[in-house]
Amino acid sequence: MAYLLDLAPLIAVVLALFGLLLWWRRRRDRKAEHEHAEALAALAGSAGGRVVGRAGARAWSAGLLSPKGLPLSRPRFVLALDVRRGDWSVRVSEASVKKATSTSAATSYEHRIEVAASGLPTMKISRRVHSGRPLDPALVREVPVTVAAEGGQWHRVGFPPGPFDARFAVFASDPAAAAQALNPRAVEHLLARVDFLPFTLHFESGLVFGTMSGRINPDHVLNAVDAVLGLLDRMGATPAHPPVTP
């Protein structure tokens, strides 16, 4: 007992330091959240848009594609940036998920760019994975929710050998319509703007959307949005009304 009493001051110091560390982390996180919200609000103001809080931040395409996360984790949409670019309605939603380890917990983020568009077939366009030879990523091969519900077919769209076929994989419910939409101007744009675009673009149910890792970056997000819109213009898509979110 005397030994424990002798250690009491040291234990008190350790507990105090631990409490101070937790306080500092919470303060740092609150400061980062505040700065992030202010930067997005400034961007929304300059683009004639708005920032939507957690209650209304659900992605338009949430029923078609859930946020990524570990098993048993609960990804959630935490905010959204709604903007108009010409006649296009655009939402960029940010999702987070807490990933626990044996010693700590960390929060990872992703953001999804969505455009309300009509006039295009159901399809996916994805960068191919190169591991000795080009491979089609699993996500692009996965049958979309609406196609599966209707019992439709899902096919790889063939393109002549060349830079586009080496770089991208395309799957669609109607390969002929997808190949027609991906005209030479659209293909040229994809190749030129590949670094600005999401890894996989989904075309489904009047929406075009793609997910990117990390939080919404106010300095770069509109570059990605405009790269998507430039593709839609070249594919002959037309603006549509966005869905009503709960």
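Going by the structure above, here's the rest.
Below or above, wherever it landed, is the structure these notes cover. Once a new chain begins, its residue numbering starts again from 1 and follows that chain's sequence as written. Only residues with pLDDT of at least 70 are given local features in this predicted model, and only at 80 or more are side-chain atom pairs given and counted; all residues enter the totals for whole chains, interfaces and linings. Side-chain descriptors were evaluated using all non-hydrogen atoms of the structure, hydrogens and water having been removed beforehand.

**As for the layout of surface pockets**
Estimated volume of the second largest pocket: approximately 250 Å³. Cavities and pockets are found on a 1 Å grid laid over the protein atoms alone: a cavity is a set of points where a 1.4 Å probe fits but cannot escape, a pocket is an open set with protein on both sides within 12 Å along at least five of seven lines, and a lining residue has an atom within 4 Å of such a point. Lining the second largest pocket are 15 residues, with Leu 65, Lys 68, Leu 139, Thr 200 and Thr 211 sitting closest to its centre. Numbered from the N terminus, helices here are DSSP runs of H or I no shorter than four residues, and strands are runs of E no shorter than two. For the lining of the second largest pocket, the secondary-structure elements that each account for two or more residues are strand 4 (105-118), strand 10 (200-204) and strand 11 (207-213). Counting residues per element, the lining of the second largest pocket draws most heavily on strand 11, which supplies four residues. Grid points are joined across faces, edges and corners, and a volume is the space filled by probe spheres set on the points.

**Looking at the pattern of salt bridges**
A carboxyl oxygen of Asp or Glu within 4 Å of a side-chain nitrogen of Lys or Arg is what we treat as a salt bridge. Enumeration according to the criterion identifies seven salt bridges in this entry. Connected through salt bridges with shared partners, the residues Arg 128, Asp 136, Arg 156 and Asp 165 form a single ionic network.

**What to know about the nonpolar core**
Leu 182, Phe 203 and Leu 232 are the most contacted members of the largest nonpolar core, which totals 45 residues. Top contributing element to this core by residue count: helix 7 (residues 221-235), with ten residues. Whether two residues are in contact is decided by their heavy atoms, any of which lying within 4.5 Å being enough. Each residue touching Leu 182, except ones within four places of it in the same chain, is listed here: Ile 125, Phe 159, Phe 164, Val 170, Val 187, Leu 190 and Met 235. Definition of nonpolar core: a set of buried residues of the types Ala, Val, Leu, Ile, Met, Phe, Trp, Tyr and Cys, connected through side-chain atoms within 4.5 Å. The buried label applies to any residue whose accessible area, calculated with a 1.4 Å probe on protein chains only, is under 20% of its type's maximum; exposed applies above 50%, and partly exposed to all values in between. If you look at the next biggest cluster of nonpolar residues, it comprises seven residues, including Val 52, Ala 59, Phe 77 and Ala 95.

**So, the side chain of His 202**
Its location among the elements puts His 202 in strand 10. His 202 has contacts with Leu 65, Met 123, Lys 124, Leu 139, Leu 207, Val 208 and Phe 209, leaving out every residue within four places of it along the chain.

**So, helix 7**
Here helix 7 contains 15 residues, and its C-alpha end-to-end distance of 22 Å stays within 8% of the 21 Å for a straight helix at 1.5 Å per residue. With eleven of its 15 residues buried, helix 7 lies for the most part within the structure. Looking at helix 7, one finds that the buried residues are Val 221, Leu 222, Ala 224, Val 225, Ala 227, Val 228, Leu 229, Gly 230, Leu 231, Leu 232 and Met 235. Of the residues trailing helix 7, Gly 236 is marked for its positive phi of about 85°. Expected span, for any helix, means 1.5 Å times one less than how many residues it has.

**Some details on the packing of helix 6 (residues 184-192) against helix 7**
For the pair helix 6 and helix 7, interaxial distance at closest approach is 8 Å and the crossing angle is 165°. By the angle between their directions, the pair helix 6 and helix 7 is classed as roughly antiparallel. For the element pair helix 6 and helix 7, the recorded crossing hand is left-handed. Together, Arg 185, Ala 186, His 189 and Leu 190 of helix 6 and Ala 227, Gly 230, Leu 231, Arg 234 and Met 235 of helix 7 make up the contact between the two elements. Residue composition of the contact of helix 6 with helix 7, by class: five nonpolar, two polar and two charged. The angle between two axes is taken between their N-to-C directions and runs from 0 to 180 degrees, where each axis is a line fitted to C-alpha atoms and a helix contributes only its stretch in contact. Just so you know how the angles are binned, under 35 degrees is roughly parallel, over 145 roughly antiparallel, 65 to 115 roughly perpendicular, and the rest oblique. In a left-handed crossing the near helix is turned counterclockwise from the far helix by less than a right angle, and in a right-handed crossing that turn is clockwise. Each residue is assigned to one class: nonpolar for Ala, Val, Leu, Ile, Met, Phe, Trp, Tyr, Cys and Pro, charged for Asp, Glu, Lys and Arg, and polar for all the others, Gly among them.

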